[in-house]
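Fold and contact review
Next come the chains, spelled out residue by residue.
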Amino acid sequence: MLIGRLIGVSRYRLSPTPAQEQVLAEHCGHARFVWNLAIEQHAHWKPGRKSGPGFAEQCRQLTQARAEFEWLRGGSIVVQQQALKDFAQAMANFFGKAHRKPTWRKRGQGEGFRIVAVKAGDVRRVSRNVGEVRVAKVGWVRFRWSRAVPGGVKSYRITRDHAGRWHVAFAAIPQPIPAPKTGEVVGVDRGVAVSAALSTGELLVVPTLRDMEKARLLRLLRKLARAKRGSNRRSKVKQAIAKLKARETNRRKDWVEKTSTDLARRFDVIAVEDLKVGYMTRSAKGTLEAPGRNVRQKAGLNRGILAAGWGLLVRRLEHKAPGRVWKIDPRYTSQTCNACKHTARESRESQALFLCVACGWRDNADINAAKNIRDTAVGHTVAARGGAPSGGPVNREPQRDLLLVG
Ligand SMILES: [Zn+2]
């Protein structure tokens, strides 16, 4: 599941007619076929070898496949191409270590497809509680108008869940939020114990399931293990599990929306670590020059959830504060004392505490790192005004109107 695709989207219950449902299911089948074709082509890939076919090459192969298979040719090229795009994105996420490697799609599991280049007239409201969306080769399909559809819808995804319910999710890029023009720069560190630490000293935590809900999830998982395959009971338990997990995802999305809006409003520049560099230097084991900060018990699932939340946060920030999000090389940010700039692994007293071996400065380890990220960004704004260049954003040159610091 591409969580990234689900962010900033509003989901609605779709109510296709039986005839429409059949075509929708065909679209799903085509998307699944194309996705699995791409998986197969990448299956031969091994580290060190030339990479698998890229998106352009796969598009050529899709054209060939359409020439070969009539049932595929009969389907929507948009649906099929977008399945390839989704796959390319999933591979990029995998190489960026933000997601697991994409796997085979099976019939009835996470079925769906995406339509892009949506025009303003493709979504309409027909009555108080009913809307319609135009789907290629299907026509107008009704959905429950449970809340306002955001303006500027560019694409949507139609999915079918385990229970056979259809949904449509509209994706819209939010309007950028104007900078406060205070010249303030904030450093944001992706923590392990906390979700994000700000250089202002704030600690942010992505909400997850409550203890009661976690206990219920565990009970359900045990029930699932005991339930017979294909039984009614099993599918009921599965549905209950999916519901709990969806609740967690929704909370995370809400948190990302609120946090990104808040940061975009409060600060002119939001400095974050460069995810790609970050993951290279912060593997669970770590490297010589930058020992890993992720302790073993935090590895695995928990880390994956945090990483997903972090990735979403940065993407949303880039939407809401375009040009104001600077990506900083995170090396040494966790080992450098923010007070005296002495760098030593030993200063990292524990997961949570930074205690400088040179000057005795102590701080929350994540906040110390966030301050270093902020200072690197500030140093770059100074350098860009004519000072000596220092480590700075790896993604872009600062914009003129942002050079207010120093
Ligand atoms: Zn120090």
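Along each chain, residues carry numbers from 1 onward, in the same order as the chain's sequence is written. With the structure being a predicted model, the display of local features is reserved for residues of pLDDT at least 70 and the display and counting of side-chain atom pairs for 80 or more, all residues being used for whole-chain, interface and lining totals. Excluded from the side-chain calculation are hydrogens and water; included are all heavy atoms of the structure.

Details of the nonpolar core
Proteins that are soluble and globular tend to have nonpolar side chains buried together. What counts, and what does not: Buried Ala, Val, Leu, Ile, Met, Phe, Trp, Tyr and Cys residues that are joined via side-chain atoms within 4.5 Å together make up what is termed a nonpolar core. Think of it in three bands: with a 1.4 Å probe and only protein chains considered, a residue is buried below 20% of the maximum accessible area for its type, exposed above 50%, and partly exposed in between. Helix and strand labels come from DSSP, where a helix needs a run of H or I of at least four residues and a strand needs a run of E of at least two; each type is numbered from the N terminus.
In this structure, Phe143 and Phe170 are the most contacted members of the largest nonpolar core, which totals 36 residues. Looking at this core element by element, the count peaks at seven residues for helix H2 (residues 18-42). Counting residues in hydrophobic clusters, the runner-up holds 21 residues, among them Val186, Ala264, Phe267 and Ala321.

A few points about the coordination of the zinc ion
Four donors placed tetrahedrally about a metal ideally form angles of 109.5 degrees, and six donors placed octahedrally ideally form angles of 90 or 180 degrees. For the record, the criterion: Each metal site is built from N, O and S donor atoms within 2.8 Å (3.2 Å for Na, K and Ca), and since water is not included, such sites may look incomplete. Donor angles set the geometry label: tetrahedral for four donors if every angle is between 85 and 135 degrees, square planar for four and octahedral for six if opposite donors exceed 155 degrees and the others are between 65 and 115, irregular for anything else.
Taken together, Cys337 (SG), Cys340 (SG), Cys356 (SG) and Cys359 (SG) make up the protein donors of the zinc ion, found 2.3 Å from the metal. Bound by four donor atoms, the zinc ion shows angles of 106 to 112 degrees at the metal and therefore tetrahedral coordination geometry. Read in sequence order, the donor residues coordinating the zinc ion give the pattern C-x2-C-x15-C-x2-C. Note that Cys337 is positioned in the loop between strand S12 (325-328) and strand S13 (353-355) and Cys359 in the loop between S13 and strand S14 (362-364), a separation of 22 residues in sequence. Its relative accessible area of 43% is what places Cys359 among the partly exposed residues.

Some remarks on helix H6 (residues 211-226)
Think of an α-helix as turning once every 3.6 residues; residues three or four places apart then point the same way. Condition: Each residue after the first adds 1.5 Å to the expected span of a helix. Picture the helix axis, draw a direction to every C-beta atom, and the arc is the one those directions span. Contacts are assigned to residue pairs with any non-hydrogen atoms lying within 4.5 Å of each other.
The end-to-end C-alpha distance of H6 is 23 Å, a good match for the 22 Å that 16 residues give at a rise of 1.5 Å each. Listed as buried for H6 are Glu213, Leu217, Leu220 and Leu224. Buried residues of H6, viewed axially, fall in a sector of 65 degrees; they line one side. More than 90 degrees from the buried face of H6, the exposed residues found are Asp211, Met212, Leu218, Ala225 and Arg226. For H6, the elements touching its buried residues are helix H7 (232-266).

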